[in-house]
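# Coordinate inspection notes
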Amino acid sequence: RRYQLASLFCLLTTVADSFAFLICSNLPAPRPVTALCTTPESSRDDDSFMKSLQNRIAKVTDKETKLPIVVVDTMLPRQSMKIEVEQRDVIFHRLVKSLVEEERPFFGMVGMARLNTGQTLPLQNGVKVQIVTTQVVPDNGALRVDLKAQERFRITGELDTREEGEKGWTEARVRFLDSTEEEEAEEKGPNPISLAKAMNRAKELTSPNGNMPDGMSLKARWIELAKENERSPNQINELLEDIGEVPPSTKPSEVAFWIGALINPLPGLGVAMEIRPQLLMAATAEERIEVAVQAIRASIRHMDGTKRLF
């Protein structure tokens, strides 16, 4: 029996989500998993083993729904960031090393929101980031880390601290967000015209615009002006390579996130208002695309001298 249970455990840890199905498929009728340990022949050792099995499976599930949370800067999908984690930042330094060693090089990145009172609080929405590369700085032991932002998430549970010796890092249960699913829900919701408006608005970013020189699109005009304001050689071309092609207007939320990644790059250009927190917290595609369109228009006016932002 112990051998059978151990074999079952090896299978279940790789398909945790199918755990209940696999158990029930070998039983005459659906029963709780604990029924395997309630036969007269079952021993206390088997009961203990099954509890351990269930705990291990719960941990596997947690890895899929829980993330370490780090407050550094607001990032959008597609964006990259280079940071240096010093040894004196004990928790973050330990976290990065641990994730790389465990071959789980991902954590949640959230930014800060400033209230009208001046108080700052971590955002509830953020992005999952991948640790692409790490390099130890020989002089001081710091870690040079390259990060790449991936899918968005919303923190759904309470924050808790994972103890590692005397100090630990913060973890939270999260729900990953998919713009396609969100927009499909909007289309079936009480205001489906909102999504259609967002798609039309998204077209303005890439379509010829009579108010721009030579009828350029807003995107093309911004890129032209930004290249005149680069803070380092080839900065814009590298940025464009990093974030890829602009999504189609039929995906207005992704267009909005792409525009945000363009006009609020890392490191910053200083030619646009910060819109990344607004984009992450916006509830609908129409809200997101409106933020993006207004921001890129204002940035163009700032760079061509029509109306300075600051």
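Quick look at the structure, then.

Conventions adopted
Residues numbered from 1 in each chain as written. Predicted model: local features only at pLDDT ≥ 70, side-chain atom pairs only at ≥ 80, totals over all residues. Heavy atoms only, no water. Salt bridge = Lys/Arg side-chain N within 4 Å of Asp/Glu carboxyl O. Helix = DSSP H or I, 4+ residues; strand = E, 2+ residues; numbered from the N terminus. Buried < 20%, exposed > 50% of the residue type's maximum accessible area, 1.4 Å probe, protein only. Arc of directions from axis to C-beta. Contact = heavy atoms within 4.5 Å. Phe/Tyr/Trp six-rings, centres within 6.5 Å; stacked < 30°, edge-to-face > 60°. Lys NZ or Arg CZ within 6 Å of the ring centre and 35° of its normal. Core = buried A, V, L, I, M, F, W, Y, C linked by side-chain atoms within 4.5 Å.

Evaluated as defined, the whole model comprises 14 salt bridges. Between Glu224 and Arg221 there is a salt bridge, and its shortest N-O distance comes to 2.4 Å. With a gap of three residues between them, Glu224 and Arg221 both fall in helix H7 (residues 218-227), about one helical turn apart. Given the relative accessible area of 33%, Glu224 is considered partly exposed.

Glancing now at helix H8 (residues 235-243). Residues Gln235, Ile236, Leu239 and Ile243 constitute the buried set of H8. Looking down the long axis of H8, one finds its buried residues gathered within 90° of arc, a one-sided arrangement. Residues of H8 that are buried sit in contact with H7 and helix H9 (252-263). Gly244 occupies a position one or two residues after H8 and carries a positive phi of about 80°.

Turning to the packing of aromatic side chains, a few remarks are in order. This structure, assessed with the given rule, holds one aromatic pair. Both rings, one in Phe92 and one in Phe107, keep their centres 5.9 Å apart while their planes meet at 85°; by these two values the pair is edge-to-face. Here Phe92 is found in helix H4 (residues 90-101), whereas its partner Phe107 is found in strand S3 (residues 106-110), with 15 residues between them in sequence. Residue Phe92 is classed as buried on the basis of its relative accessible area, which comes to 10%. Here the guanidinium or amino end of Lys128 rests over the ring plane of Phe106, the centre of that ring lying 4.4 Å away.

Our focus in this paragraph is the nonpolar core. Among the nonpolar cores identified, the biggest contains 58 residues, and Phe107, Trp222, Ile259 and Ile263 are the most heavily contacted of them. Element by element, the count of residues in this core is highest for helix H11 (residues 285-304), at nine residues. In terms of nonpolar packing, the next biggest core, distinct from the first, is built from seven residues, Val110, Phe153, Ala172 and Val174 among them.

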